[in-house]
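Examining the three-dimensional arrangement
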Amino acid sequence: MRAWLQAVTERLEVREGQRGDADERALTQRDLAAFLAESTSPAPSTKGGWWESISNVEDLGEALRNTRMYNDLLRRISNASGEPLVGAMAGEAASAPAAASSSDTPPDALRLVRNDLDFYRLTSATSRVDSSYQELVCTVNTANFFSQGGNHIVFALDCMGEAGSGNPHNAPVIRNGQNLFSLARGFIIFGDGSVQAEQWNGTFNPALEPVTSSVPGFSPATTPIFTVRIVAGYRTGALANHMAITIHRGGGNGQVIFAGSKPWGWDWTGRHVAYFAAIGPDFKSPNETNNVEKLGIGAAPNATVHFSAAKLSIA
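Residues numbered from 1 in each chain as written. Predicted model: local features only at pLDDT ≥ 70, side-chain atom pairs only at ≥ 80, totals over all residues. Heavy atoms only, no water.

Turning to the sheet that holds strand β15 (residues 275–279), a few remarks are in order. Judged by pairing direction, the sheet is antiparallel, and its 6 strands sit side by side in the order β2-β15-β5-β8-β9-β10 without closing on themselves. The open sheet has two edge strands, β2 (117–121) and β10 (207–210), and neither has a second partner. Pairwise comparison of adjacent strand axes, ignoring direction, gives a mean angle of 20° for this sheet. Of the strand pairs in this sheet, strand β5 (residues 152–160) and strand β8 (residues 183–190) are connected by 7 bridges, and their pairing is antiparallel. Each bridged residue has a counterpart across the sheet, and for H152 the counterpart in β8 is F190. (Pairing = 2+ DSSP bridges. Helix = DSSP H or I, 4+ residues; strand = E, 2+ residues; numbered from the N terminus. Axes fitted to C-alpha atoms, helices over the stretch in contact; angles between N-to-C directions.)

Structure (structure tokens):
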């Protein structure tokens, strides 16, 4: 407990600017308002500064949209009413920011404040044993997701490739410092409690199959907090060509409220990557927006799915 409190204290002090690298200090809405106000003042006389290309608020917004902090700001900063901070910072279209390394701490939630899509790449797992299988566990709170227009949540395994390489998303789609995958397998969960197995295959027509549960009655409307556990094998081993999902009430290994599987194999790679994602009905592929991802809000900007204890492992 002492070590945990010390770590939390250090994190808070860094974000408050009381210690560590000043560039790691978190910005508030007041900071941004002051920054925007200063941008309308005459430019400094010093030559060669970044501000020489900034002549108005629109230019400033464009510059900020191309920074690493932009995506994190949209996700983390809320105004006094609890609505996501969008407006001038989230234009209808702009160049996608460059890919960056994963954050040292995962987000606490996925928020559809940008183009009705948010995702997080879990820490990858590796193994030399091709008869192994992978396990993904994640606890989610969907109380403010489906009720706010969110369409489905995604648990994607064995993710490969990236957006912008000639697949349907022919431009980068960046969230939390990572680009969107193009190839994967996994499960998606809808607001009515239905579950589908999906194979993302780099096209607009991914393979989808409904998953029948041996335990009836699962509904995020009545059980918004649940834990998803997925196990998936490869070509050999005890779970060869098999992918299964169980959903437990609450956190941890509570009552099983959904259980189903699909014979869905995959080639062994030795290094395994998984994504947790959330999507709304108004996501637009870069193909639909002149090969640049739309940055504005979609139909479900207030949809939020909190998550914790997300982990990918190889057994």
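This paragraph deals with the nonpolar core. I153, F155, I189 and I247 are the most contacted members of the largest nonpolar core, which has 37 residues in total. The leading source of residues in this core is strand β11 (residues 225–232), at 4 residues. Grouped together as the second largest cluster of nonpolar side chains are 18 residues, F181, W200, Y275 and A277 included. (Core = buried A, V, L, I, M, F, W, Y, C linked by side-chain atoms within 4.5 Å. Buried < 20%, exposed > 50% of the residue type's maximum accessible area, 1.4 Å probe, protein only.)

On the surface, M1, W4, L5, V8 and L12 cluster together to form a nonpolar patch covering roughly 560 Å² of accessible area. Within the element layout of this structure, V8 appears in helix α1 (residues 2–15). (Patch = residues over 30% accessible without salt bridge, like charges linked within 9 Å, V, L, I, M, F, W, Y side chains within 5 Å. Areas by Shrake-Rupley, 256 points an atom, 1.4 Å probe, with all protein chains shown as cover. Salt bridge = Lys/Arg side-chain N within 4 Å of Asp/Glu carboxyl O.)

Another point: the environment of Y234. Its place among the elements puts Y234 in the loop between β11 and β12 (243–249). Taking the C-alpha atoms as reference points, Y234 and S131, 103 residues apart in sequence, are found 7.0 Å from one another. Contact partners of Y234, with chain neighbours within four places excluded, come to D130, S132, Q134, D158, R185, L239, A240, N241, W266, D267, W268 and H272. Within polar-contact distance, the side chain of Y234 engages the side chain of H272 at 2.9 Å. (Contact = heavy atoms within 4.5 Å. Polar contact = N/O pair within 3.5 Å; in protein donor to acceptor, adjacent residues only side chain to side chain.)

With that settled, the discussion passes to the pairing of β11. Across the 8 residues that make up β11, a large majority, 6, are buried. Of the strand pairs in this sheet, strand β4 (residues 134–141) and β11 are connected by 8 bridges, and their pairing is antiparallel. Across the sheet, residue N141 finds its bridge partner in β11, namely I225. Alignment of β11 against β12, held across 7 bridges, turns out to be antiparallel. Residue pairing for β12: F226 is matched across the bridge by R249.

Now for the pairing of strand β13 (residues 256–262). Consecutive side chains of a regular strand alternate in pointing toward one face of the sheet and then the other. Among the 7 residues in β13, 5 count as buried, and that is most of the element. Across 6 bridges, the pairing between β12 and β13 is antiparallel. Residue pairing for β13: I245 is matched across the bridge by G260.

Any pair of aromatic rings gets described here by the distance separating the centres and the angle formed by the planes. In this structure the tally under the stated criterion is 10 aromatic pairs. Each ring, one from F145 and one from F146, has its centre 5.0 Å from the other, and the planes form 75°; the classification is edge-to-face. Take F145: its relative accessible area is 0%, and that puts it in the buried class. Taking 6.2 Å as the distance between ring centres and 70° as the angle between the ring planes, the aromatic pair formed by F218 and F258 counts as edge-to-face. Here the residue F218 occupies a position in the loop between β10 and β11, and F258 occupies one in strand β13, the gap between them amounting to 40 residues. Here F218 and F258 have matching classes, each one buried. Put simply, the rings of F119, F181, W200 and Y275 touch in pairs and so form one group of aromatic residues. Over the ring of Y234 we find R185; its NZ or CZ atom is 5.0 Å from the centre of that ring. (Phe/Tyr/Trp six-rings, centres within 6.5 Å; stacked < 30°, edge-to-face > 60°. Lys NZ or Arg CZ within 6 Å of the ring centre and 35° of its normal.)

Glancing now at the pattern of salt bridges. Enumeration over the complete set of coordinates arrives at 8 salt bridges. When the shortest N-O distance is used, the salt bridge between R175 and E293 registers 2.6 Å. Remark: E293 occurs in the loop between β15 and β16 (304–314) and R175 occurs in strand β6 (residues 174–175); sequence separation between them is 118 residues. Using a relative accessible area of 0% as the deciding quantity, one classes E293 as buried. A salt bridge links R235 to D267; the nearest nitrogen and oxygen atoms lie 3.0 Å apart. Taken together, the positions of R235 in the loop between β11 and β12 and D267 in the loop between β13 and β14 (271–272) put the pair 32 residues apart, joining distant regions of the chain. You can call R235 partly exposed: its relative accessible area is 45%. Owing to a relative accessible area of 48%, D267 belongs among the partly exposed residues under this scheme.

The next thing to look at is the sheet that holds strand β1 (residues 109–111). Read from one edge of the open sheet, 6 strands run β1-β16-β4-β11-β12-β13, paired in antiparallel fashion. The open sheet is flanked by β1 and β13, the only strands paired with a single partner. Strand-to-strand twist of the sheet, defined as the mean angle between neighbouring strand axes without regard to direction, takes the value 20°. Here β4 pairs with β16 via 7 bridges, running antiparallel. If you follow V140 over to β16, its bridge partner there is F307.

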